[in-house]
Amino acid sequence: MDRRFIDEEGKVLMLGNEAIIRGCLEVGVSFVSQYPGTPTSDIGETFQKLLREQPELQNYLVHHWGINEAVASSECAGAAWTGCKSLNPMKHVGLNVASDPLSVIALNGPNPGAMVILVGSDPGSLGSHQEQNERFYTWMFHFPCFEPHTPQDCKDYIKLAFKLSEQYDTVFEIRTSTRSAHSRGFVNLEPIIKGKKKGEFIRNIPKYNSLPPHAINNHIRLYERIEKLREIIPKLGVNKVIEGNNKIGIITSGMPYGYTLEALDQLGLNDVPILKLGLIYPLNYNEISDFLKDLDKVIIIEELEPFLEVKISEIAHKKAINVEIIGEKYFPKSNEFSTGLVASCLAKIFKKEPSNQMIKAIDYFNSYKNIIPSRFPSFCAGCPERATLYTILKATNQLENTVVCGDIGCFVMSFFPPQQCSDLVICMSGGLSAAIGMSTKTDQKVIAYMGDSTFLHTGMSPLAEAASYDSNILLFIFENSWTAMTGHQPVLGLIEKRISIEKICKAIGVQWLRVEDSYNPKKLISSIEKAFETKGLKVIIVKRECALQAHRWRMKQRRELNNQGKRTQEVMYHITGCQMCYECARILSCPAIRKIEKDGYETMQIDDDRCVKCGVCYEVCPNGAIHKSIINALDEEVPFREL
């Protein structure tokens, strides 16, 4: 067991996300609900692991994989309204989905319990389809928002957020980023507090029913709570000033604070005053104006759009402080920052020449671009989605007169070469929604993708509309039973077979429905061709488990049988007589197949250490050059798990 989540004293190394969890244990959180999404997925994974390793936690701590972010947020509100402390993690774009219920929950307030939303931002789109600056939600919904820099900050801020949430009847936010969530640092451990096992909901119609006239009253009450909190900010100790006598100062927060310290050190600027904000909304007017009043200029260092810059400019204007505020003029409004970027921008502002050490460091970093070849992201060997894309390309003659509306999931990678089998991506289930509109205005063939997790998340609504209008679309639903792209969280109800996507589709009104296996590409190609012969809505459910999970399960079964003294079959695929047609390498594009030179001739070769033995290449090779051998053919067969 991981002693970092058991011991009650000491100093341990933790990721930012792990420190968040530790803080929750120390403050008595008893309910967590989230939909998985990078960079917050591993919070749920760790909670699930702790509940397995420490069954006694199950007496008071519950973790749910929510069906979507809106459901998860409402669950957390419900738990808080029984008097419990609830945590609601999500990624930055998940806040868009959760915004509908959260706009009301913020008005109601979480009392008698407490509620904290944890939002993982993603400057640079390191694991997302866009890098939106979700900080503006804090201003719109009035979520007081902490932005930690170190893992110790993560633990301290989440504990403080729950305390203040309970005290001020206000939903609080902790805003991390991909960097702060997954950076390591030392964290001091404190005693663990057991959360409430059971609470009680006490009826209070004006508080919990934000309809006229209560909606206006709750709106007024929310402003009152925010102003009370604004007054006490200096006493919280989360905003810190680093003194300096330079007439140019810096205000920053989160990860940019770390980049700023390193950049100033590289530039030899040791006299610059810095205000590090731990709480980025609301701001205390006197605290900001006290920092600004003796400066000629202040530099705002923040990633993405100028959120702090706008609010600090507003305070300077209201307080009539004559200070030049510098931000977006020098710092980019896109992508994540780095020490080198911040140092380069500060060098221009302070009219400093970069040091030789700094130039060498940047050149050294850039030199690796010439050493490490650039590669497109790729599907795993044996991925059933890769095999499905192959069948689509074959059935449509390389997408001739065909539009493919992509979606969120592993198959977002389908727009990369060599498949290039996705024309657009919007958001979860946005592909089918776009396809509905597109199909009414074009005679092209229209294909849409959707994963099983997306289907349950927000996919049933557009499917109901497509069925109602009988839209001329071919929809592929990839049922692999795992939310694979965010770390293989189970798709709710599918593995346990409590939910049937096939039955839901039929209940919604889908008339043309097929369930296929992408490991049988010839049959799937035939179904696609038949679908295009039929007008109206067609749905093909591709039912095949994620190759990574299926391969792990199969290898585990083989090990268990071998430990019992039983021999198992071993399937091998090998290539001889290759005609170099590249069907396997460029259209199927399996990463377990590569080109080599043998006896002076070019040929393709299967890497046994990467091959998961799905057999798709064997099925699709047009020249019969891929051969299948079964070792120990009379012994026990261990096939892939059937869904």
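Quick caveat: nothing in here was measured; it's all calculated off a predicted structure.

1. Considering the sheet that holds strand S12 (residues 279-281)
Then, number 1: What the seven strands build is an open sheet, ordered S3-S2-S4-S5-S7-S6-S12; its pairing is mixed. Edge strands, defined here as strands with exactly one partner in the open sheet, are strand S3 (62-65) and S12.
Then, number 2: In terms of strand pairing, strand S4 (residues 85-91) meets strand S5 (residues 114-121) through seven bridges, oriented parallel. By the bridge assignment for S5, Lys85 is matched with Ala114.
Then, number 3: The strands that helix H3 (residues 69-80) touches are strand S2 (31-34), S3, S4 and S5; relative to S4, the one it contacts most, it runs at about 165 degrees.

2. Some words on the pairing of strand S24 (residues 601-606)
Then, number 1: In terms of strand pairing, strand S23 (residues 593-598) meets S24 through six bridges, oriented antiparallel. Note that in S24 the partner of Glu597 across the bridge is Glu602.
Then, number 2: In textbook terms, the turn of a hairpin is the stretch between consecutive antiparallel strands, and for S23 and S24 this stretch comprises two residues, one of which, Asp599, has a positive phi near 55 degrees.

3. Describing a nonpolar patch on the surface
Then, number 1: There is a patch of nonpolar side chains on the surface, built from Tyr364, Tyr368, Ile371 and Ile372 and spanning about 450 Å² of accessible area.
Then, number 2: Looking at where Ile372 falls in the secondary structure, it is placed in the loop between helix H14 (356-371) and helix H15 (384-395).

4. Points about the packing of aromatic side chains
Then, number 1: Tallied over the full model, the rule gives 16 aromatic pairs.
Then, number 2: Between Trp81 and Tyr208, the aromatic rings sit 4.9 Å apart at their centres with planes inclined by 55 degrees, giving tilted as the arrangement. Note that Trp81 is positioned in the loop between H3 and S4 and Tyr208 in helix H8 (residues 205-208), a separation of 127 residues in sequence. In this pair, the class of Trp81 matches that of Tyr208, namely buried.
Then, number 3: An aromatic cluster is defined as three or more aromatic residues linked by ring pairs; in this entry it consists of Trp81, Phe201 and Tyr208.

Scoring rules and cut-offs
Residues numbered from 1 in each chain as written. Predicted model: local features only at pLDDT ≥ 70, side-chain atom pairs only at ≥ 80, totals over all residues. Heavy atoms only, no water. Pairing = 2+ DSSP bridges. Helix = DSSP H or I, 4+ residues; strand = E, 2+ residues; numbered from the N terminus. Contact = heavy atoms within 4.5 Å. Axes fitted to C-alpha atoms, helices over the stretch in contact; angles between N-to-C directions. Patch = residues over 30% accessible without salt bridge, like charges linked within 9 Å, V, L, I, M, F, W, Y side chains within 5 Å. Areas by Shrake-Rupley, 256 points an atom, 1.4 Å probe, with all protein chains shown as cover. Salt bridge = Lys/Arg side-chain N within 4 Å of Asp/Glu carboxyl O. Phe/Tyr/Trp six-rings, centres within 6.5 Å; stacked < 30°, edge-to-face > 60°. Buried < 20%, exposed > 50% of the residue type's maximum accessible area, 1.4 Å probe, protein only.

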